[in-house]
Amino acid sequence: MSYSVGQVSAFAGVTVRTLHHYDKAGLLSPSDRSHAGYRLYSEADLIRLQQILFYRELGFRLEEIAAFFKDPQVNPLERLRARQRQLSEEIARLQSLAEVAERAIEVQQTGISLTPQERFEVFGEITFDLSYATEAELKWAHSDGQREAMARAAAHTKEDWRQLMGEAAVWRAELLAAFDEGALSNGERAMDLAEEHRLHTARWFTACPPDMHRRIADDFVADPRAFALVIPPSQQRPGLAAYTRKAVHANAARHAGGRTDPEEGQ
């Protein structure tokens, strides 16, 4: 039995244009034509179309599907297994992104309702870059500390945020003063400021042992968005991110009983 293009389009759920495209691509050409010259599909053609649609649903490109039919050496089973692995990885990635989105929403809401004016009053120039938050979530997806920090941030009240941002502003002013006055990045003054930042993080977000603090400070230099959460761009100076990182590393070494070079500058 043969079927017209319109009939196949109707019961296969594809457009006539798609069928014509498959024909032009050499992927599925009707086996016969009517006396009037119209394309007619056979039962075998319909089976092939079903296979094409199945592979398309799994995300295979048309070129890959064509190779399945043209090359007898191609093992469709191996291709399917490979695609299954890719889909499993994609499912895991999307699940992770869904969790990131949920946590990002919590952080954006900060557990309270703030008007734009109140948000500015509380956070000032410090803004949360959602793209950075997403990447950080993916980077630390399996970190208990990251999950605790997000949960605690979401639970903070407006007064909590006022207090912690006030503390951060005082610390920031002291750090800028130390940097501008040329205090050594591994001197007592800078290391004490690094320790204050570490304890501030532990007090308001999550436990922050020296090793973790070092990794946080490494991001200050590697990604400007991370440092902008500590020092807004309008207050930053050239070399300040690196100076802060050095102070954090020196403080971590102090905790470990290590020694730093007294001649090291900013």
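Model, not experiment: these values are computed from the prediction.

The rules behind the values
Residues numbered from 1 in each chain as written. Predicted model: local features only at pLDDT ≥ 70, side-chain atom pairs only at ≥ 80, totals over all residues. Heavy atoms only, no water. Helix = DSSP H or I, 4+ residues; strand = E, 2+ residues; numbered from the N terminus. Buried < 20%, exposed > 50% of the residue type's maximum accessible area, 1.4 Å probe, protein only. Contact = heavy atoms within 4.5 Å. Areas by Shrake-Rupley, 256 points an atom, 1.4 Å probe, with all protein chains shown as cover. Pairing = 2+ DSSP bridges. Polar contact = N/O pair within 3.5 Å; in protein donor to acceptor, adjacent residues only side chain to side chain. pLDDT = per-residue confidence, 0-100. Salt bridge = Lys/Arg side-chain N within 4 Å of Asp/Glu carboxyl O. Phe/Tyr/Trp six-rings, centres within 6.5 Å; stacked < 30°, edge-to-face > 60°.

Colleague: Before we go on, may I ask you to explain the overall build of the protein in this structure?
Modeller: Of regular secondary structure, the protein possesses 13 helices and three strands. A buried classification covers 36% of the 266 residues belonging to the protein. Excluding contacts between residues fewer than 6 apart, the proportion of contacts in the protein whose partners are at least 24 apart in sequence is 64%. Looking at the protein as shown, the accessible area adds up to about 15500 Å², and 54% of this sits on carbon and sulfur atoms.

Colleague: Can you help me understand the sheet that holds strand S2 (residues 32–33) in this one?
Modeller: Two orientations exist for strands paired in a sheet by backbone hydrogen bonds: parallel and antiparallel. Ordered by their spatial adjacency, three strands build an open sheet running S1-S3-S2, and the pairing between neighbours is antiparallel. Only two strands of the sheet have a single partner each, and these edge strands are strand S1 (3–4) and S2. One ladder, built from two bridges, connects S2 with strand S3 (residues 39–41); its direction is antiparallel. The residue bridging Arg-33 from the neighbouring strand is Arg-39, located in S3.

Colleague: What is the right way to look at the environment of Leu-46 in this model?
Modeller: Looking at the element boundaries, Leu-46 is found in helix H3 (residues 43–57). Overall, Leu-46 belongs to the buried group, its relative accessible area being 16%. With sequence-adjacent residues up to four places away left out, Leu-46 is seen in contact with Tyr-3, Val-8, Phe-11 and Tyr-41.

Colleague: Quick question: what am I supposed to make of the environment of Glu-64 here?
Modeller: Its location among the elements puts Glu-64 in helix H4 (residues 62–70). Among the polar contacts made by the side chain of Glu-64, one reaches the main-chain amide nitrogen of Arg-61 at a distance of 2.8 Å.

Colleague: It is not clear to me how the confidence of the model for the protein should be interpreted in this structure. Could you clarify?
Modeller: Close reading of the predicted structure is inappropriate where its pLDDT is low. With 78% of its residues at a pLDDT of 70 or more, the protein shows a mean pLDDT of 81. Mean pLDDT values over the elements of the protein span from 52, in helix H6 (residues 116–123), up to 96, in helix H13 (residues 240–255). Here residues 260–265 is modelled with pLDDT under 50, and outside its nearest four sequence neighbours on either side it reaches 13 contacts, counting other chains as well.

Colleague: For this particular structure, what's the right way to read the pattern of salt bridges?
Modeller: Here the idea is simple: oppositely charged side chains can pair when their charged atoms come close. Per the counting criterion, the structure on display carries 14 salt bridges. Here Arg-162 and Glu-159 are joined by a salt bridge, their closest N and O atoms 3.5 Å apart. A residue pair is termed a helical-turn pair when its members lie 3 or 4 positions apart in one helix, as Arg-162 and Glu-159 do in helix H9 (residues 158–180) at three residues. Overall, Arg-162 belongs to the partly exposed group, its relative accessible area being 32%.

Colleague: Got a minute to help me understand the packing of aromatic side chains in this structure?
Modeller: Applying the stated criterion across every chain, the model contains eight aromatic pairs. Note on Tyr-3 and Phe-11: the rings are 5.5 Å apart at their centroids and 85 degrees apart in plane angle, and the pair reads as edge-to-face. With a relative accessible area of 48%, Phe-11 lands in the partly exposed category. Look at Phe-220 and Phe-227: their rings are 5.5 Å apart centre to centre, the planes differ by 55 degrees, and that puts the pair in the tilted class.

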